[in-house]
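Residue-level structure breakdown
Spelled out from the first residue to the last, the chains are:
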Amino acid sequence: MQPIILKANSNEEISKISQPFLEKKFKEISKGDSHIILKKRNFGSPIIHICFLLLILFGDISFFENLPFLNSFQSSPPKYNIFVTYIFCFFYVAYIIFNLFTKTKVILITTETRDEDGNPIKFNNIDEV
């Protein structure tokens, strides 16, 4: 997750740039004299969460008995039902982790133009956000 870096000329401009982000439910992680860091976590779509939870709670193999590749499980013991529930749980956790680490947005608004090593900072455009 690469942070979005925006340039400001003064502390007043930092607060002016950060205000729309705070209204869009970004949280202030850090604030200093020359910077502010904002973060918004993304856990994924609520519809997909509901679907996964319904599959985990009510996802018995008998619901899917008309699918051709699951015909072999129809007369199987109930331990396969637990196995399918574990599979749904695994994919649900993977979905949450994927969204958390790839879709979370971090925004740094700063007045500094060089990093700690003296290299120039590459700034993003506000339109890219």
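The structure this text deals with has already been given above.
In what follows, the accompanying structure is described. (Residues numbered from 1 in each chain as written. Predicted model: local features only at pLDDT ≥ 70, side-chain atom pairs only at ≥ 80, totals over all residues. Heavy atoms only, no water.)

The number of helices and strands found in the protein chain is 3 helices and 4 strands. N-terminal to C-terminal, the α/β element order of the protein chain is β-α-β-β-α-α-β. With 129 residues in all, the protein chain has 22% of them scored as buried. Pairs at least 24 apart in sequence give 64% of the contacts found in the protein chain among residues at least 6 apart. Counting only carbon and sulfur atoms, one obtains 61% of the accessible surface of the protein chain, whose full area is about 9600 Å². (Helix = DSSP H or I, 4+ residues; strand = E, 2+ residues; numbered from the N terminus. Buried < 20%, exposed > 50% of the residue type's maximum accessible area, 1.4 Å probe, protein only. Contact = heavy atoms within 4.5 Å. Areas by Shrake-Rupley, 256 points an atom, 1.4 Å probe, with all protein chains shown as cover.)

With that settled, consider the sheet that holds strand β3 (residues 35-40). As summarised here, the arrangement of the 4 strands in space is β1-β4-β3-β2, forming an open sheet in which the pairing is mixed. Edge strands, defined here as strands with exactly one partner in the open sheet, are β1 (4-7) and β2 (27-31). Neighbour to neighbour, the strand axes of the sheet diverge by 20 degrees on average, direction disregarded. The sheet contact formed by β1 and strand β4 (residues 105-110) spans 4 bridges and is parallel. When the bridges of β4 are listed, K7 appears paired with T110. Those strands touched by helix α1 (residues 11-23) are β1, β2, β3 and β4, and its axis lies near 5 degrees from that of β3. (Pairing = 2+ DSSP bridges. Axes fitted to C-alpha atoms, helices over the stretch in contact; angles between N-to-C directions.)

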